[in-house]
Amino acid sequence: MSQTMKSFHKHKYYYVLLLPGIIYFILFKYIPMGGIAIAFQDFRITGSVFNSPWAGLKWFNILFESPDFWVALRNTVIISFYKLIFNFPAPIILALLLNELINGAFKRIVQTIIYFPHFVSWVVLGSILFSVFSVDTGVTKLLGLSTSPIMNPDAFRGFLVGSEMWKEVGWGTVIYLAAIAGVNPEQYEAAKIDGANRFQLIRHVTLPAIASTIVVLLILRTGQILNVGFDQIFILYNPLVYNVADVLETYVYRVGLTMGRFSLATAAGLFQAVVGLCLLVFTNWLVKRMGERGLW
Amino acid sequence: MIQKGWGERTFEAGNILFLALLSLVTLYPLWHEISISLSSAAGAMRGGLFLFPRGFTLDAYKSVLSSSFIWLAYRNSIIVAVAGTILHVLFTATTAYALNKRSLPGVKAMTLLVLFTMIFSGGMIPTYLLVKTLGLTNTLWALMLPGMISAFNVIVMQSFMRTIPDEVEESASMDGANPLRIFFTIILPLCKPVIATIALWECVGLWNNFMQALIYLNDKELFTLPLLLKEIIAGQQLATDTGQFTTFAAESAIAATVIVSIVPILAVYPFLQKYFMKGTMLGSVKS
């Protein structure tokens, strides 16, 4: 006992520094995790998690029988899958292309321009995109389209993927460029002496150098597969495309906060979080089995 | 100098062309919006490429800036971005510093406690109910406190702090300074690069934060810029009805609001850029 007290006294200032952080994480991260209990209760906004009657798996049954939920889940998986296929490799390719530029000034100008959209919110970009792709005032007609892709159910998912790529591909290169910058120049020299051409240098020196970064980002990305990005969808979608664009995040928002069905929305949110966690753990396991370094 | 092959030169030219095109495609929408915001109502309604404003006028800006709500939203966004960033940086730093003390009893458990929040969370509804219970809904605190520390930034900060030699602290504690003093007078100043990076990320994030503003704010006096902008777009008609926008130049008025709301980002962008590489070096240290 006195040993503990002594140790505590010796370290008291560190605990003082740590205290706000620990309070924060418990209050704003762990208490909401406890709040997940309302997915198993008949929760009303007038009650609390402590006095609401238990409902077992009732809300999960309702959820899995609701056609809206399946539509949202289907859209989430499809949109997320498209984004993974197209938007995950895009910054890798772009980083390799940027790295091949010999003219430093041109490279900096390109970087300055393509990083910018990352710093602008989806609300702002949304209104710009509405204007640019408006049938009346935008470039839609010039592109040979009769309707705006934002209003067209067949084109909307593609538009989501494309607009996200446009916004994030530049900024996405930053982490790969940093990894490439860490490559020892002697490796390139040695490969050149061995007669490697430019494409062989990319293939055998640059790519292996960023492989571990790619793996880490891929694992993290897999854990996010059911998170499409609330802002983008919420800003861009509209009644014409609800059927192809409603995703789990917008579903949870609508059911929970607009309709006030808190238990049902929490059940949907829990489903989303658990699937994400399982995918993350699974990918990490898979990656380690393949002999790469995982997250833990 | 080794002679470059035909294939390599084609690749080089194609690469330059492609990246130049990409830059143009990135710039165009922004330029389109600026042009519309400076166009007359009639000019804005005509479609096609906007390479220049049509019927140059500042009317849209006059109309937007005469609305009292845009100034309130500006004020709210600045409060959230500045105060939120200060809170975020300060408490991320204190947490990271203490968690770096390997000899601290319980430090492993507390590190796990922090890291676990990166892979699992309570979700939107339980967090909303907590914020509501705490009485923070319809206050600007709701935009700052729930995201006050991020586990990711704690890790970034920790890895930077590990690069500070132990001798720096040791000599200070031999002079009788306690850890609080050491943290504020020695460690924080040495962490300037990482603090600048995290502060800029966080500041931009808070400035652009839409979802939390949407969920937590009802009172129009408390709206931040993204929420106001969304409301203007959604309720264009309503805004006209309530006399916020007296002209019919809705297109150009929205465009002007958009430009007004990104001016601060444009202003800090060159400064931000200085920290690009530094920030990502820190990010890659993490993995």
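Here, every reference points to the structure presented above.
This report concerns the structure included in the present document.

In this section: the overall build of chain A. On a plain count of helices and strands, chain A comes out with 14 helices and zero strands. Listing each helix as α and each strand as β along chain A from the N terminus yields α-α-α-α-α-α-α-α-α-α-α-α-α-α. Scaling as 2.2 N^0.38, a compact globule of 296 residues should have a C-alpha radius of gyration of about 19 Å, whereas chain A reaches 24 Å, well beyond that. Projecting the C-alpha coordinates of chain A onto the three principal axes gives extents of approximately 75 × 75 × 35 Å. When each of the 296 residues of chain A is scored for burial, the buried share is 52%. Put simply, 65% of the contacts in chain A that link residues at least 6 apart link residues at least 24 apart. When the accessible surface of chain A is summed, it comes to about 14200 Å², and 66% of that surface belongs to carbon and sulfur atoms. Both charge centroids of chain A, one from 22 positive and one from 15 negative side chains, sit 9 Å from each other.

Residue and element names in this part refer to chain A. Axis separation between helix H8 (residues 153-181) and helix H10 (residues 198-223) bottoms out at 9 Å; the angle between their running directions is 140 degrees. Accordingly, the angle class assigned to the pair H8 and H10 is oblique. The handedness of the crossing between H8 and H10 is right-handed. Across the interface between the two elements, Ile 175, Tyr 176, Ala 179 and Ile 180 from H8 touch Thr 206, Ile 210, Thr 213, Ile 214 and Leu 217 from H10. For the contact of H8 with H10, the residue count by class is seven nonpolar, two polar and no charged.

This part takes up the interface of chain A and chain B. Listed per partner, the contact involves 84 residues of chain A and 98 residues of chain B. On the chain A side of the contact with chain B, Tyr 14, Leu 17 and Phe 119 of chain A bury the most area, a combined 9% of that side's loss. Along the contact surface separating chain A from chain B lie two salt bridges. Taking the shortest distance from any N to any O, the salt bridge between Arg 198 of chain A and Glu 8 of chain B comes out at 3.8 Å. Taken together, the links from chain A to chain B amount to 13 residue pairs in polar contact (both at pLDDT 80 or more). Ranked by the residues each element gives to the side of chain A that touches chain B, the list is headed by helix H2 (residues 12-35) of chain A, at 20 residues. Here the side of chain A that touches chain B is composed, by residue class, of 62 nonpolar, 14 polar and eight charged.

With respect to the helices, strands and loops of the structure, Thr 94 of chain B is situated in helix H4 (residues 68-99). In terms of polar contacts, Thr 94 of chain B uses its side chain to reach the backbone carbonyl oxygen of Leu 17 of chain A, at 3.4 Å. Setting aside chain neighbours within four positions, we find Thr 94 of chain B in contact with Leu 17 of chain A together with Phe 183 of chain B.

For the rest of this paragraph, the subject is a nonpolar patch on the surface. A surface patch of nonpolar side chains, amounting to about 410 Å² of accessible area, comprises Phe 81, Tyr 82, Ile 85 and Phe 86 of chain A. Mapped onto the fold, Tyr 82 of chain A is located in helix H4 (residues 67-87).

The next subject is the environment of Leu 207 of chain A. Residue and element names in this part refer to chain A. Here Leu 207 is to be found in helix H10. According to the relative accessible area criterion, Leu 207 is partly exposed, its value standing at 30%. Note: C-alpha distance between Leu 207 and Tyr 176 (31 residues apart in sequence) is 9.9 Å. If near-sequence neighbours (up to four positions away) are discounted, Leu 207 is found in contact with Leu 96 and Ile 202.

Reading the values: the criteria
All chains use their own residue numbering, which begins from 1 and follows the written sequence. Following the order in which they are written, the chains are lettered starting with A and the ligands numbered starting with 1. Under the rules for a predicted model, residues below a pLDDT of 70 receive no local features and side-chain atom pairs below 80 are neither given nor counted, while totals for whole chains, interfaces and linings still include all residues. Side-chain numbers here rest on the full set of heavy atoms in the structure, without hydrogens or water. By the criteria applied, helices consist of DSSP H or I runs no shorter than four residues and strands consist of E runs no shorter than two, each listed in order from the N terminus. Computation of the radius of gyration draws on C-alpha atoms alone. For the globule rule, the value is 2.2 Å times the number of residues to the power 0.38. With a 1.4 Å probe rolled over the protein chains alone, any residue whose accessible area is under 20% of its type maximum counts as buried; one over 50% counts as exposed, and the rest are partly exposed. Every residue pair with non-hydrogen atoms within 4.5 Å of one another is taken to be in contact. Accessible surface is estimated by sampling points in the Shrake-Rupley manner with a 1.4 Å probe; for residues, cover comes only from the protein chains shown. By the counting rule applied here, Lys and Arg register as positive and Asp and Glu as negative, while His and the ends of each chain are not counted. Taken as the charge centre is NZ of Lys, CZ of Arg, CG of Asp or CD of Glu, depending on the residue. To get an axis, fit a line to the C-alpha atoms, keeping to the stretch in contact for a helix; angles then go from 0 to 180 degrees between the N-to-C directions. With respect to orientation, any angle under 35 degrees is reported as roughly parallel, any angle over 145 as roughly antiparallel, any angle of 65 to 115 as roughly perpendicular, and every other angle as oblique. For any pair of crossing helices, the crossing counts as left-handed if the nearer helix is rotated counterclockwise from the farther one by less than a right angle, and right-handed if it is rotated clockwise. Residue polarity follows a fixed list, in which Ala, Val, Leu, Ile, Met, Phe, Trp, Tyr, Cys and Pro are nonpolar, Asp, Glu, Lys and Arg are charged, and the others, Gly among them, are polar. Here the quantity called buried area is the accessible surface, traced with a 1.4 Å probe, that two parts lose on coming together, added over both. Take a side-chain nitrogen of Lys or Arg and a carboxyl oxygen of Asp or Glu: if they are within 4 Å of each other, that pair is a salt bridge. Between N or O atoms, a polar contact is any pair within 3.5 Å; within protein, one atom must be a potential hydrogen donor and the other a potential acceptor, and residues adjacent in sequence are included only when both atoms are from side chains. Two distance rules govern patches: like charges are joined within 9 Å, and nonpolar side chains (Val, Leu, Ile, Met, Phe, Trp, Tyr) within 5 Å, applied only to residues with over 30% relative accessible area and no salt bridge.

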